[in-house]
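Residue-level structural notes
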Amino acid sequence: MRQLLRLIPLLLCMAACKGVQTTLDPAADQSVQSDLVWRAMLAVCGFMYVLTMAFLGWALWRSWRNRPVDPPAGQQQTERALGLGLTAWAGLIVAGLSALVLISYGVDRRLGQIGPDPIRVKVTASQWWWRIEYEGETPSRQVVTANELHLPAGRPAIIDLNSNDVIHSFWVPNLSGKEDLIPGRTNHLPITPRRLGVFRGECAEFCGLEHAKMAFKAMVDTPQQFEAWREAQLTPAPAPTDPQAAAGEQVFMTHGCATCHRIDGTEAGATLGPDLTHLASRTTLAAGMLPNTPTALRDWIADPQKIKDGALMPKVPLSETDRSRLVAYLETLR
Ligand code: CUA
């Protein structure tokens, strides 16, 4: 029983090796490469650490036993043994460091390679959310969304990273390493996802008050699912048929919402805030902070700063009735 109890911390440690936000559970070619470097470093450094500790223990044990390190008799032999030992030790260090250099060099080369026919996705960071755009064959086939990145499994993607304000950093640990988003320049991050799933991404560079609340989801779909999603995102918002939702559309157009947000198929065309054409099809609100439910949407509209202090979305004074109408309308944006 005691033996089993001792295993619990080990099992807990191993539980952290799987999950939607960990570098230890790679799901793309690039993260597999980073994982290889990490494992190599762990093996080489762990081995050297264990050896160093063993020698330290041995030296302490000798001094406790009060045995002289260099006995006068056979001094030459001892010196030869010490010389050999030091040479072997230096050789071990050189071998370990060379292995690490070779592995990191190979990984670095492979990280720069991009497979054929990559899909291009433009990600623009703003305090504190992500605009995500997919190029189309024509401008009318461009998809714009926010805080949810969809990628087809098995196809290389190049993520073009920009920022609107300060430096942010794009990081989906299961898929790739971090890459900064810098105002005025475009960085490119290749990702070739291999495993289907929903992974969590985070901004990894301090970018102001709500840096910790700047998350997003990376969804790896099958190619068919991805194309279906893309087609659905291309449809403009339908005119609401329900009277409550139709009244909500009026609230949206006349109470300032349209000055920041775009809803394709309506007069609202602003790009300061997230595109809301398919808001209801997304799974979270406020860059991963809230589940996308009518109640959470209502709370968010009622007081954005209460949920995300410093959020640039203003608190718009609305009556309870108007807020219900507005939520009813936004819920139709599937
Ligand atoms: Cu954006 Cu931290």
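Procedures and definitions
Residues numbered from 1 in each chain as written. Predicted model: local features only at pLDDT ≥ 70, side-chain atom pairs only at ≥ 80, totals over all residues. Heavy atoms only, no water. Pairing = 2+ DSSP bridges. Helix = DSSP H or I, 4+ residues; strand = E, 2+ residues; numbered from the N terminus. Axes fitted to C-alpha atoms, helices over the stretch in contact; angles between N-to-C directions. Contact = heavy atoms within 4.5 Å. Polar contact = N/O pair within 3.5 Å; in protein donor to acceptor, adjacent residues only side chain to side chain. Core = buried A, V, L, I, M, F, W, Y, C linked by side-chain atoms within 4.5 Å. Buried < 20%, exposed > 50% of the residue type's maximum accessible area, 1.4 Å probe, protein only. Parallel < 35°, antiparallel > 145°, perpendicular 65-115°, else oblique. Left-handed = near helix turned anticlockwise from the far one by under 90°. Nonpolar A, V, L, I, M, F, W, Y, C, P; charged D, E, K, R; others polar.

Details of the sheet that holds strand E5 (residues 157-163)
- The mixed open sheet is built from 5 strands, whose spatial order is E3-E2-E1-E5-E8. The open sheet has two edge strands with one neighbour each: strand E3 (143-146) and strand E8 (187-191). When the angles between neighbouring strand axes are averaged without regard to direction, this sheet yields 25°.
- With 5 bridges connecting them, E5 and E8 associate as antiparallel partners. The residue of E8 that forms the bridge with Leu161 is Asn187.
- In the packing of helix H4 (residues 223-234) onto the sheet, the strands contacted are strand E1 (119-126), strand E2 (129-134) and E3, and the crossing angle to E3 comes to about 95°.

Examining the side chain of Ser31
- With respect to the helices and strands, Ser31 occurs in helix H2 (residues 29-64).
- Of the polar contacts made by the side chain of Ser31, one reaches the backbone oxygen of Ala28; its length is 3.0 Å.
- From its side chain, Ser31 meets the backbone oxygen of Asn174 in a polar contact 2.7 Å long.
- Among all residues touching Ser31, those that are not within four sequence positions of it are Pro26, Pro173, Asn174, Leu175 and Ser176.

Some remarks on the nonpolar core
- Formed by 33 residues in total, the largest nonpolar core has its most connected members in Val123, Trp130, Tyr134, Leu149, Ile159, Phe170 and Leu175.
- Take this core: its biggest share by element is 4 residues, from E1.
- The next biggest cluster of nonpolar side chains, apart from the first, holds 24 residues, and it includes Cys257, Ile263, Leu285 and Ala286.

Digging into the packing of helix H6 (residues 294-302) against helix H8 (residues 320-330)
- It is at 10 Å that the axes of H6 and H8 come closest, and there the two elements cross at 125°. The pairing of H6 with H8 is recorded here as oblique in orientation. When you trace H6 past H8, the crossing you get is right-handed. Mapping the contact onto sequence places Pro294, Leu297, Arg298, Ile301 and Ala302 in H6 and Glu320, Arg323, Ser324, Leu326, Val327 and Leu330 in H8.
- For the contact of H6 with H8, the per-class residue count stands at 7 nonpolar, 1 polar and 3 charged.

Structural notes on the sheet that holds strand E6 (residues 168-171)
- Strand order across the open sheet formed by 5 strands is E4-E10-E9-E6-E7, with mixed pairing between neighbours. Every interior strand has two partners, whereas the edge strands, strand E4 (148-152) and strand E7 (179-181), have only one. For this sheet the average axis-to-axis angle between neighbouring strands, irrespective of direction, equals 25°.
- Judged from the 5 bridges that link them, E4 and strand E10 (residues 215-221) form a sheet pairing that is parallel. Note that in E10 the partner of Pro152 across the bridge is Asp221.
- On top of the sheet, H4 reaches E4 and E10; it is set at about 135° to E4, its chief contact.

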